[in-house]
Amino acid sequence: PLPLWRTRSTMQNAEGTTVDLYIPRKCSATNRLITGKDVGSVQINIAHVDANGSYTGAYSTVAMCGFIRQSGKGDAALTRIWEEKQRAERA
């Protein structure tokens, strides 16, 4: 058998399928990879509502890196991303 330090550790779910230990995210505003050490990053779930304002059970996820938030462009980026998603749904 291989020595313990030469074996590769993997994570498996209940079915025995190998799953990743870390799933990286991308910033929705800049398409930059959000690293695990980016402590200023956020992931926001925006609820979808019907014409009466009731939650439909669906949501859209937006991830923003700390760079955008630190530079003060987070609000403008979130507005731009949401308007782009709305235009894409109407088309």
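This structure is a prediction, so every number in the text was calculated from the model and none was measured. (Residues numbered from 1 in each chain as written. Predicted model: local features only at pLDDT ≥ 70, side-chain atom pairs only at ≥ 80, totals over all residues. Heavy atoms only, no water.)

### Concerning the overall build of the protein
At step 1: Regarding its fold elements, the protein presents two helices and six strands.
At step 2: In sequence order, the secondary structure elements of the protein are arranged as β-β-β-β-β-β-α-α.
At step 3: Buried residues in the protein amount to 16% of all 91 residues.
At step 4: Relative to all contacts within the protein whose residues are 6 or more apart in sequence, the contacts with residues 24 or more apart total 35%.
At step 5: Accessible surface, the protein as shown: approximately 7,400 Å² in total, 52% of it carbon and sulfur. (Helix = DSSP H or I, 4+ residues; strand = E, 2+ residues; numbered from the N terminus. Buried < 20%, exposed > 50% of the residue type's maximum accessible area, 1.4 Å probe, protein only. Contact = heavy atoms within 4.5 Å. Areas by Shrake-Rupley, 256 points an atom, 1.4 Å probe, with all protein chains shown as cover.)

### Details of the environment of Arg80
At step 1: Tracing the chain through its elements places Arg80 in helix α2 (residues 74-90).
At step 2: Here Arg80 falls in the partly exposed class, since its relative accessible area comes to 35%.
At step 3: Each C-alpha atom of the pair Arg80 and Ala29 lies 8.5 Å from the other, and the pair is 51 residues apart in sequence.
At step 4: At a separation of 3.3 Å, a polar atom in the side chain of Arg80 contacts the main-chain carbonyl oxygen of Ala29. (Polar contact = N/O pair within 3.5 Å; in protein donor to acceptor, adjacent residues only side chain to side chain.)

### Concerning the state of the cysteines
At step 1: All told, the structure shown has zero disulfides when counted by the stated rule.
At step 2: Free of any disulfide, Cys27 has its nearest cysteine sulfur in Cys65, 3.5 Å distant.
At step 3: Residue classification places Cys27 among the buried residues on the basis of a relative accessible area of 1%.
At step 4: The exposure class of Cys65 is buried, given its relative accessible area of 4%. (Disulfide = S-S within 2.5 Å.)

### Details of the pattern of salt bridges
At step 1: Applying the stated criterion across every chain, the model contains one salt bridge.
At step 2: Between Glu84 and Arg80 there is a salt bridge, with its nearest N and O atoms 3.2 Å apart. Placement of both Glu84 and Arg80 in helix α2 is noted, with a separation of four residues, approximately one turn of the helix. (Salt bridge = Lys/Arg side-chain N within 4 Å of Asp/Glu carboxyl O.)

### Re the packing of aromatic side chains
At step 1: Applying the stated criterion across every chain, the model contains zero aromatic pairs.
At step 2: Above the face of the Phe67 ring, Arg32 is positioned so that its terminal group lies 4.2 Å from the ring centre. (Phe/Tyr/Trp six-rings, centres within 6.5 Å; stacked < 30°, edge-to-face > 60°. Lys NZ or Arg CZ within 6 Å of the ring centre and 35° of its normal.)

### Examining the pairing of strand β6 (residues 55-64)
At step 1: Bridge count between strand β5 (residues 42-49) and β6: seven bridges; the pairing is antiparallel. Each bridged residue has a counterpart across the sheet, and for Ala47 the counterpart in β6 is Tyr59.
At step 2: Linking β5 to β6, which pair antiparallel, is a turn of five residues; within it Gly53 sits at a positive phi near 90 degrees. (Pairing = 2+ DSSP bridges.)

### Quick look at α2
At step 1: Over its 17 residues, α2 runs 25 Å from end to end, which matches the ideal 24 Å to within 8%, given 1.5 Å per residue.
At step 2: Restricting attention to buried positions, one finds in α2 the residues Gly74, Ala77 and Ile81. Each buried residue of α2 sits inside an arc of 65 degrees when the element is viewed along its axis, so together they form one side. More than 90 degrees from the buried face of α2, the exposed residues found are Asp75, Ala76, Arg87 and Arg90.
At step 3: Those residues of α2 that are buried are in contact with β6 and α1 (66-70). (Expected span 1.5 Å × (residues − 1). Arc of directions from axis to C-beta.)

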